[in-house]
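Below are the chains, spelled out letter by letter.
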Amino acid sequence: MELVLIFLSASLVNNFVLSCFLGICPFLGVSGKIESAVSMGFAVTFVMTLTAGITWFINRYILIALGVPFLEYVSFIIVIASLVQFVEMLIRKISKPLYDSLCIYLPLITTNCAILGLALFGFLREYSFIENMVFGTGAGIGFTLALVIMAGIREELELADVPHVLRGPAISLIIAGLLALAFMGFAGLISA
Amino acid sequence: MILGLCPALAVTNSAVNALTMGIAVIFVLTGSNAIVSLIRNIVPKQVRIATYIVIIATFVTMVDLFLKAYYLELSKALGPYVPLIVVNCVILGRAETFASKNKIGLSFIDALGIGAGFTITLVVPGGIREILGMRTFFGIPVLGESFKPWVVMLLPPGAFVTLGFMLGAKNLIDQKIAERKRTANMESRIKLSA
């Protein structure tokens, strides 16, 4: 039950993009088309789950064991950067078509604040290993959801008559605000 | 303006938080720009990004520990967004495009300028959201009791909408300036032909 709650909380109630403001850059950058939004979402979910697992081990068995928790930012960022490289090589070996569809997004993920935010949030909330993995997957799926909804709206938006000064990022941000309002409705899900 | 959006949205629920974040960014930016420009000739090209990130992360850790030691309340309010300065594209961008090619003095001044601009773009939405959401500005009441606070401005949707309209306003101003230039050009051309 606890795990289900963590999953729902990370994906819907505390959606990373719409209520924690993490990963806004790709959210605005890649949400032009639904297909690329889906690929980006899956890439992020994959990396997030892996990061959640690995940073948990690093935190517990290296940083805390050696008594150097102040090194967490330096070590997390190095881990994430090398993990993304590793995932890139792995996907290239395993599946060529998957690699071709994801390869442009993978370097973007390194500088995605959602991944580092995930590691830090997991650390702050003192999750256990399984909880942290579920949290990572949930956050990734929440990110994908927000990205795909946004991409769908923006595809429709091309036909809409938007005031001239609000075209581009401005209208995307306002739409994101409305989406965030809608997602606030999920808040009742957990407390009830 | 679009770069470094995450903190711009997350910490701008009050002017004080926004200002703190801005100062933290100025410190990290000047520190990392100075170091990067000092070591720009020593670091091999292949590992430069990784090196920059480690330098930035070190400065961020310093800021974070400083805030925790002297301003615990602020540090709690900003939460994980101080460590997230590490992945702020503005800082890495300046290190890569400016500090790695210029002398230390220039890099330092560049960092101060960019940091100040970033702080302003944080404090403006922070101020707007604080005034509309809590009737105060830097904790001082500015709107009378009769104004009902818009709580939604303090919540995530308020952040997105405020920033969206700010971008719109900026576009409008840019457009007006471009128009004025065009008319000025036309006028001077008319004068010349006359």
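Preceding this paragraph is the structure being described.
To start, this report covers the structure provided alongside it. (Residues numbered from 1 in each chain as written. Chains lettered and ligands numbered in written order. Predicted model: local features only at pLDDT ≥ 70, side-chain atom pairs only at ≥ 80, totals over all residues. Heavy atoms only, no water.)

Concerning the environment of L163 of chain B
As a reminder, the rule being used: Only DSSP runs of H or I with at least four residues qualify as helices, and only runs of E with at least two residues qualify as strands; both kinds are numbered from the N terminus onward.
With respect to the helices and strands, the residue L163 of chain B is situated in helix α7 (residues 156–193). For the pair L163 of chain B and V124 of chain B, spaced 39 residues apart in sequence, the C-alpha to C-alpha distance is 9.6 Å.

Here we look at helix α2 (residues 15–38) of chain B
For the record, the criterion: Helix span, expected: 1.5 Å multiplied by one less than the number of residues in the helix. Each residue's exposure class comes from its accessible area (1.4 Å probe, protein chains only) as a fraction of the maximum for that residue type: buried when under 20%, exposed when over 50%, partly exposed otherwise.
For α2 of chain B, spanning 24 residues, the distance from its first C-alpha to its last is 34 Å, which sits close to the expected 34 Å at 1.5 Å a residue. By the criterion of burial, α2 of chain B is predominantly enclosed, with 17 of the 24 residues buried.

What to know about a nonpolar patch on the surface
We apply this condition: Note on patches: the residues involved have over 30% relative accessible area and no salt bridge, like charges join within 9 Å, and the nonpolar side chains Val, Leu, Ile, Met, Phe, Trp and Tyr join within 5 Å. For the accessible areas, the method is Shrake-Rupley and the probe is 1.4 Å, while residue cover comes only from the protein chains on display. We define a salt bridge as a side-chain nitrogen of Lys or Arg found within 4 Å of a carboxyl oxygen belonging to Asp or Glu.
Taken together, L178, L181 and M184 of chain A together with W150, V151, V152 and L155 of chain B make up a surface patch of nonpolar side chains, about 600 Å² in accessible area. Using a relative accessible area of 51% as the deciding quantity, one classes V151 of chain B as exposed.

Topic: the interface of chain A and chain B
How big an interface is tends to be stated in terms of accessible area lost as the parts join. Counted only if it meets this: Note on contacts: a residue pair qualifies if any of its non-hydrogen atoms lie within 4.5 Å across the two residues. A simple way to read buried area is as the amount of 1.4 Å-probe accessible surface that goes missing from two parts once joined, with both sides added. Whenever a nitrogen or oxygen atom comes within 3.5 Å of another N or O atom, the pair is scored as a polar contact, on the condition that within protein one atom can donate a hydrogen and the other can accept it, and that pairs from neighbouring residues in sequence are kept only if both atoms are in side chains.
Across the boundary between the two partners, chain A contributes 36 residues, which contact 37 residues of chain B. Buried surface at the junction of chain A and chain B, summed over both partners, amounts to about 3000 Å²; 85% is from carbon and sulfur atoms. For the pair chain A and chain B, the interface holds zero salt bridges. At the boundary of chain A and chain B, one finds zero residue pairs in polar contact (both at pLDDT 80 or more). Mapped by element, the contributors of at least two residues to the side of chain A that touches chain B are α2 (24–29), α4 (72–94), α7 (113–124) and α9 (169–184) of chain A. Broken down by element, the residue count for the side of chain A that touches chain B peaks at nine residues, all from α9 of chain A.

Comments concerning α7 of chain B
Taking 1.5 Å of rise per residue, the 38 residues of α7 of chain B would be expected to cover 56 Å, and the 56 Å separating its terminal C-alpha atoms lies within 8% of that figure. All buried positions along α7 of chain B are accounted for by P156, P157, G158, A159, F160, T162, L163, G164, M166, L167 and G168 of chain B.

Brief notes about the packing of helix α3 (residues 34–66) of chain A against helix α8 (residues 129–157) of chain A
Residue and element names in this part refer to chain A. Our working definition: Each axis is a line fitted through C-alpha atoms, taken for helices only over the stretch in contact, and angles between the N-to-C directions span 0 to 180 degrees. Each angle gets one of four labels, with under 35 degrees taken as roughly parallel, over 145 as roughly antiparallel, 65 to 115 as roughly perpendicular, and the rest as oblique. Left-handed describes a crossing in which the near helix is turned anticlockwise from the far one by less than a right angle; the clockwise case is right-handed.
Direction vectors running N to C along α3 and α8 enclose 165 degrees, while the axes themselves pass 8 Å from each other. When the axes of α3 and α8 are compared, the pair comes out roughly antiparallel. As α3 packs across α8, the resulting crossing turns out to be right-handed.

Let's talk about a negative patch on the surface
The test is simple: His is not counted, nor are the chain ends; Lys and Arg add positive charge and Asp and Glu add negative charge. To locate a charge, take atom NZ for lysine, CZ for arginine, CG for aspartate or CD for glutamate.
Taken together, the side chains of E35, E155, E156 and E158 of chain A present a region of like negative charge at the surface. With respect to the secondary-structure elements, E156 of chain A resides in helix α8.

Side note on the packing of α2 of chain B against helix α3 (residues 48–70) of chain B
Residues and elements named next belong to chain B. Note the cut-off: In the scheme used here, Gly and all other residues not listed as nonpolar or charged are polar, with Ala, Val, Leu, Ile, Met, Phe, Trp, Tyr, Cys and Pro taken as nonpolar and Asp, Glu, Lys and Arg as charged.
Where α2 contacts α3, the two axes come as close as 9 Å, and the packing angle between them is 140 degrees. With respect to their mutual orientation, α2 and α3 come out oblique. Crossing of α2 against α3: the hand is right-handed. The residues of α3 that touch α2, namely those facing T20, A24, F27, V28, G31, S32, I35 and V36, are Y52, I55, I56, F59, V60, M62, V63 and L67. Of the residues that constitute the contact of α2 with α3, the class distribution is 13 nonpolar, three polar and no charged.

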